[in-house]
Amino acid sequence: MEINTETKKYGLIGNPLSKSLSPFLHNQFYKMNDLNNIYQTFEIDLDKLNDAVESLKILGIKGFNITIPFKEKIIEYLDEIDPLAERINAINTVKIENGKVIGYNTDGIGFIKSLEANNIDIENKNILVLGAGGGSRAISYSLLEKNIEKLYITNRTSNRGIKLANELKRYYKDKDISFTGFNLSELNKLEIDIVVNTTSVGMYPDIENSPIVLNGFSDDIILYDLIYKPLETKFLKEGKELGYKTINGIGMLYYQAIESQKIWLDKEDFLGLEELLSELNKKIGEEYE
Ligand code: ATR
């Protein structure tokens, strides 16, 4: 694709960005869909977010993703915020439209889409979410938008987990939501259908660790790890050895990007998505294995 005066510009704000796969993913997406668009990175200083947003507006950038450490801080510079993103209290996608800066969060919906892509039905399921940070917030809120049976939150630091569980209960009064201690001793593990790891335990370089001990779960449990570096964490490897179904974080990485594109392009159907997912798998395999 030739870059010319018509090229529409998108990008990513964060720091550091050197390891980000987003430029690869989004630019391949533009290529496959024959779009005259480009996706660039903007690694900015921590105190320059306001200036950066103003600059992107002036320069006619149509939209950008936002990542660590700006996902919460960006909120004060938005003109509008999507209601679910407001609950999650983190933004990963910004659209600039008619001079207005609008914030969204596609991490949670990306997670849900990746479950659908794996043919996993979450209706009436009991789900245990490990962790209470940003990833957990996006996933927990998005799960509660669906018809799940019960959500358990656990976290190493109990107070943070209890706080999140209470916050979720305030928004979703009719839903069954509980905090359970991190050693899972109070939990009836046999009733859990899916465990989602949102903690950083097992992420490169901490690859020798797993967030929980996998005993006492039912044989048809599904383990989902948001981590994709490495592709198979210790948590998933141990699960696989026990015969459990396992899912790594690539699907979520991929679908949150596609969901960002849907917002920016105001379109639902795209070309070459399967090929793009397999290219992403290959790229991650090459870089991190
Ligand atoms: P993110 O936005 O990626 O979710 P975060 O907000 O820093 O990142 O949250 C990281 C999560 O990983 C938290 O749930 C954290 O637990 P604490 O709240 O107790 O810090 C969890 N975590 C990180 N290191 C951990 C470890 N060694 N053992 C257990 N949990 C850990």
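Preceding this paragraph is the structure being described.
Cut-offs applied
By convention here, each chain's residues receive numbers from 1 onward along its written sequence. Only residues with pLDDT of 70 or above have their local features reported here, since the model is predicted, and side-chain atom pairs are shown and tallied only from 80 upward, although totals for entire chains, interfaces and linings are computed over all residues. The side-chain numbers reported here are obtained from all heavy atoms of the structure, hydrogens and water having been left aside. To be near a molecule or strand, a residue needs just one of its heavy atoms within 4 Å of it. What qualifies as a polar contact is a pair of N or O atoms within 3.5 Å, subject to a donor-acceptor requirement within protein and to the restriction that residues adjacent in sequence count only when both atoms come from side chains. A 1.4 Å probe and the Shrake-Rupley method give the accessible areas. Residues count as covered only by the protein chains that appear here. Strands here are runs of E lasting at least two residues and helices are runs of H or I lasting at least four, both read from the DSSP assignment and numbered beginning at the N terminus. When a residue's accessible area, from a 1.4 Å probe over protein chains only, is under 20% of the maximum for its type it is buried; when over 50% it is exposed; and in between it is partly exposed. Lines are fitted to the C-alpha atoms to define the axes, a helix being fitted only along its stretch in contact, and any angle between axes, read from their N-to-C directions, falls within 0 to 180 degrees. Angular relationships are summarised with four words: roughly parallel below 35 degrees, roughly antiparallel beyond 145, roughly perpendicular across 65 to 115, and oblique for the angles in between. We call a crossing left-handed when the near helix sits turned anticlockwise from the far one by less than a right angle, and right-handed when that turn is clockwise. We call two residues in contact when some of their heavy atoms are within 4.5 Å. Only strands that DSSP links by at least two bridges are regarded as paired with each other. Seen with the strands pointing away from the viewer, any crossover whose path from the first strand over the helix to the second strand runs clockwise is right-handed. We count a salt bridge whenever a side-chain nitrogen from Lys or Arg sits within 4 Å of a carboxyl oxygen from Asp or Glu. Expected span of a helix: the number of residues minus one, times 1.5 Å.

## With respect to the site of the ligand
Every one of the 14 residues lining the ligand counts as a neighbour, but A132, N155, R156, T157 and R160 are closest to it. Residue R156 places a side-chain N or O atom 2.8 Å away from an oxygen atom belonging to the ligand. R160 has a polar side-chain atom sitting 2.8 Å from an oxygen atom of the ligand. Protein coverage of the free-state accessible area of the ligand, which is 640 Å², stands at 65%.

## A look at unusual backbone geometry
Trans peptide bonds make up most of the peptide bonds, and negative phi angles are found at most residues other than glycine. Along the chain, I68 connects to P69 via a cis peptide bond; the corresponding omega equals 5 degrees. Note on placement: P69 falls in the loop between strand 3 (63-66) and strand 4 (80-81). A cis amide bond, omega 5 degrees, links Y204 with the succeeding residue P205. Mapped onto the elements, P205 comes out in the loop between strand 10 (194-197) and strand 11 (222-225). The phi dihedral of L184 is positive, around 60 degrees, even though this residue is not glycine. The topology assignment puts L184 in the loop between strand 9 (176-179) and strand 10. According to the relative accessible area criterion, L184 is buried, its value standing at 4%. Although it is not a glycine, D266 sits at a positive phi angle of roughly 55 degrees. Owing to a relative accessible area of 65%, D266 belongs among the exposed residues under this scheme.

## Comments concerning the packing of helix 1 (residues 22-32) against helix 8 (residues 250-265)
Running from amino to carboxyl end, helix 1 crosses helix 8 at an angle of 55 degrees, the nearest separation of the two axes being 10 Å. Accordingly, the angle class assigned to the pair helix 1 and helix 8 is oblique. The element helix 1 and its partner helix 8 pack so that their crossing is right-handed. On the side of helix 1, the interface is formed by L25, H26, F29 and Y30, while helix 8 contributes L253, Y254, A257, I258, S260, Q261, W264 and L265.

## Focus on the pairing of strand 9
Direction of pairing for strand 8 (residues 150-154) relative to strand 9: parallel, over a ladder of four bridges. Counted as the bridge partner of Y152 is S178 from strand 9. Each parallel crossover has a hand, and the one from strand 8 via helix 6 (residues 158-171) to strand 9 is right-handed.

## Quick notes on the pattern of salt bridges
Under the counting rule described, the total for this entry stands at 14 salt bridges. Between E97 and K95 there is a salt bridge whose closest N-O contact spans 3.7 Å. Taken together, the shared-partner salt bridges connect E259, K262 and E268 into one network.

## Let's talk about helix 8
Between the first and last C-alpha of helix 8 there are 23 Å, a value that for 16 residues agrees with the 22 Å anticipated at 1.5 Å per step. Burial runs high along helix 8: 15 of the 16 residues are buried. Immediately downstream of helix 8, the backbone of D266 shows phi near 55 degrees, a positive value.

## Quick word on the sheet that holds strand 1 (residues 8-14)
Sheets are built from strands paired through backbone hydrogen bonds, the pairs being either parallel or antiparallel. Taken together, six strands build an open sheet; the order of strands is 2-1-3-5-6-4 and the sheet is mixed. This sheet does not close on itself; its edge strands, each paired only once, are strand 2 (37-43) and strand 4. As defined by bridge partners, strand 1 adjoins strand 3 across four bridges and the pair is classed as parallel. The residue bridging L12 from the neighbouring strand is N65, located in strand 3. The sheet strands contacting helix 1 are strand 1, strand 2 and strand 3, and the helix crosses strand 2 at an angle near 170 degrees.

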